[in-house]
Amino acid sequence: MTHFLEPEEVDYPLPTKEGWGAFVAETIAPPVVLPPAALQRLPEPERAGYDQAREDYHSQLVIVSTPTIRHVAATGRKRILLNRHQDSARRGLIVSGPAGTGKTTAITQLGKNYEQLGRRRGEIQPKSLPVVYVTVPPAATPKMLAIEFARFIGLPLPSRYSQVEVTNKVCDLLCTLGCRLVLIDELHNLDIGTRVGAEASDQIKYLSERIPATFVLAGVDVEGTGLFAGRRGGQIASRYSLIPTSPFRHKMSPYSVSGSGKIFVMRGCAAVRR
């Protein structure tokens with residue numbers, strides 16, 4: 001018999017509204033530590049659950065507020081504020097650097113903190129979708145980019161829809177849902193040197209005009225992809241501020257910080273939380 005997971009059991013990926021919602025709502029609390037005598041009295045199934053809870057806690061590594069994360073957060077908040085009443089030519093950010101230097105961590109933390117703060121203040125309605133997080137697929141076309149937005153929202157689209165129809169549906173729905181921050185990751189997957197890649201770059205610009213939100217883009221060394229070259233590149237450079245990233249320069253020790261901004265406290269071969 002085939003077993004189907006209940007909706008609450010599904011582990012949704014981050015570039016979906018369900019996965020993003022779980023990421024924003026996530027709270028990490030340490031499990032209760034039982035005294036040795038009580039631990040010895042636990043039945044085997046309860047002991048297994050107790051050990052699993054501790055392993056899960058230690059596997060969720062702490063996010064450290066590195067200079068990159070602080071810079072992206074501060075600049076991103078300023079851009080959101082400045083763009084609040086802009087009808088066009090909104091300003092955005094591009095986070096660029098070598099792989100493993102915290103680009104995804106920085107932009108997702110910006111989105112998470114923005115949404116959490118807005119909901120606490122009552123500035124964001126319960127049914128709204130203030131933040132969208134998508135990744136650029138390899139060899140992306142303009143239609144593929146629009147479909148990634150539709151997939152995040154959970155918008156069903158007939159296969160016969162054209163690029164224009166998909167784009168219009170996505171833009172109209174995100175305006176209705178009150179989207180104010182768009183995070184686009186893996187920007188290096190755009191091959192600006194090809195016609196399709198250049199058109200996909202134009203699609204991002206078009207989406208930023210249609211959706212009243214601040215766009216934050218991230219990718220591996222995007223300066224070398226030709227994104228800022230030519231007439232198209234000049235328009236992007238004039239509207240986006242570039243934030244470069246680099247490895248966090250900290251000597252590996254029993255208390256170690258990775259380039260992605262996550263802290264590891266090493267004991268033997270295991271990484272545990274502090």
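Rules used throughout
Every chain's residues receive numbers from 1 upward, in the order its sequence appears when written. Local features are withheld for residues below a pLDDT of 70 in this predicted model, meaning they are given only at 70 or higher, and side-chain atom pairs are given and counted only at 80 or more; totals for whole chains, interfaces and linings count all residues. In computing side-chain values, all of the structure's heavy atoms are included and hydrogens and water are not. For the purposes of this entry, the term helix denotes a DSSP run of H or I that reaches at least four residues, the term strand denotes a run of E that reaches at least two, and both are numbered from the N terminus. Throughout this description, buried means an accessible area under 20% of the type-specific maximum (1.4 Å probe, protein chains only), exposed means over 50%, and partly exposed covers the range between. In what follows, a contact means two residues having at least one pair of non-hydrogen atoms within 4.5 Å. Method for areas: the Shrake-Rupley scheme with a 1.4 Å probe, in which residue coverage is limited to the protein chains shown. Note on geometry: axes are lines fitted to C-alpha atoms, helical ones only across the stretch in contact, with angles between N-to-C directions running from 0 to 180 degrees. Helix crossings fall into two classes, left-handed where the near helix is turned counterclockwise from the far one by less than a right angle and right-handed where it is turned clockwise. When residues are sorted by character, Ala, Val, Leu, Ile, Met, Phe, Trp, Tyr, Cys and Pro go into the nonpolar class, Asp, Glu, Lys and Arg into the charged class, and all the rest, Gly among them, into the polar class. Each salt bridge in this description consists of a side-chain nitrogen of Lys or Arg and a carboxyl oxygen of Asp or Glu lying within 4 Å of one another. Strand pairing is assigned whenever DSSP identifies at least 2 bridges connecting the two strands. Stacked, edge-to-face and tilted are the three classes for Phe, Tyr and Trp ring pairs, Trp counted by its six-membered ring, which pair at centre distances within 6.5 Å; planes under 30 degrees apart are stacked, over 60 edge-to-face, the rest tilted. What pLDDT reports is the predictor's confidence in each residue, on a scale of 0 through 100.

### A few points about the overall build of the protein
Check the secondary structure of the protein and you find nine helices and nine strands. Within the span of the protein, comprising 274 residues, buried residues form 38% of the whole. Partitioning the contacts of the protein with sequence separation of at least 6, the portion at a separation of at least 24 is 69%. When the accessible area of the protein is evaluated, it comes to approximately 15,500 Å², of which 56% is carbon and sulfur surface.

### Quick notes on the packing of helix α6 (residues 142–153) against helix α7 (residues 163–176)
The N-to-C vectors of α6 and α7 enclose an angle of 35°; their axes lie 9 Å apart at closest approach. Remark: the crossing between α6 and α7 carries left-handed chirality. On the side of α6, the interface is formed by Pro142, Lys143, Ala146, Ile147, Phe149, Ala150 and Ile153, while α7 contributes Gln163, Val166, Thr167, Val170, Leu173 and Leu174. The residue inventory of the contact of α6 with α7, partitioned by class, reads ten nonpolar, two polar and one charged.

### Re the pattern of salt bridges
Throughout the structure, instances matching the rule amount to nine salt bridges. Of the charged contacts, one joins Asp51 and Arg54 as a salt bridge, the two residues approaching to 3.8 Å between their closest N and O atoms. Here Asp51 pairs with Arg54, and both are found in helix α3 (residues 44–59), just three residues apart, close to one helical turn. Overall, the relative accessible area of 24% leaves Asp51 in the partly exposed class. Ionic pairing is found between Glu199 and Arg195, a salt bridge with its closest N-O pair at 2.9 Å. Here Glu199 pairs with Arg195, and both are found in helix α8 (residues 195–210), just four residues apart, close to one helical turn. A relative accessible area of 59% means that Arg195 is categorised as exposed. One network of salt bridges, with partners in common, ties together Arg47, Asp51 and Arg54.

### Digging into the side chain of Thr108
For Thr108, the location among the structural elements is in helix α5 (residues 103–120). In this structure Thr108 touches Leu14, Trp20, Phe23, Tyr133 and Leu183, once residues within four positions along its chain are discounted.

### Focus: the sheet that holds strand β3 (residues 131–135)
On the basis of which strands lie adjacent, the open sheet formed by five strands has the order β3-β4-β5-β2-β6 and parallel pairing. In this open sheet, the two strands that pair with only one neighbour each are β3 and β6 (240–244). With direction set aside, neighbouring strand axes in the sheet form an average angle of 15°. Where β3 lies against strand β4 (residues 181–185), five bridges are found, and the strand directions are parallel. Each residue of the ladder has a partner; that of Val132, found in β4, is Val182.

### Some remarks on the packing of aromatic side chains
Counted under the stated rule, the structure contains two aromatic pairs. Relative to Phe23, the ring of Trp20 has its centre 5.2 Å away and its plane inclined at 50°; by these criteria the two rings are tilted. Residue Trp20 and its partner Phe23 are both found in helix α1 (residues 17–25); the two are separated by three residues, about one turn of the helix. You'll find Trp20 and Phe23 in the same group, each marked buried. Each ring, one from Trp20 and one from Tyr133, has its centre 6.2 Å from the other, and the planes form 25°; the classification is stacked. Taken together, the residues span a long stretch of sequence, with Trp20 in helix α1 and Tyr133 in strand β3 at a distance of 113 residues. Summarising the burial analysis for this pair, Trp20 and Tyr133 share the class buried. Pairwise contacts between aromatic rings join Trp20, Phe23 and Tyr133 into one cluster.

### Digging into the confidence of the model for the protein
Looking at the protein, the pLDDT average stands at 84 and 84% of residues meet or exceed 70. Summarising per-element confidence for the protein, the mean pLDDT is lowest in strand β9 (residues 270–272) (36) and highest in β3 (98). In the predicted structure, residues 1–5 sits below a pLDDT of 50 and forms two contacts with residues beyond four places in sequence or in another chain. When the criterion is pLDDT under 50, residues 252–274 qualifies, and its contacts beyond four places in sequence or with other chains add up to 56 contacts.

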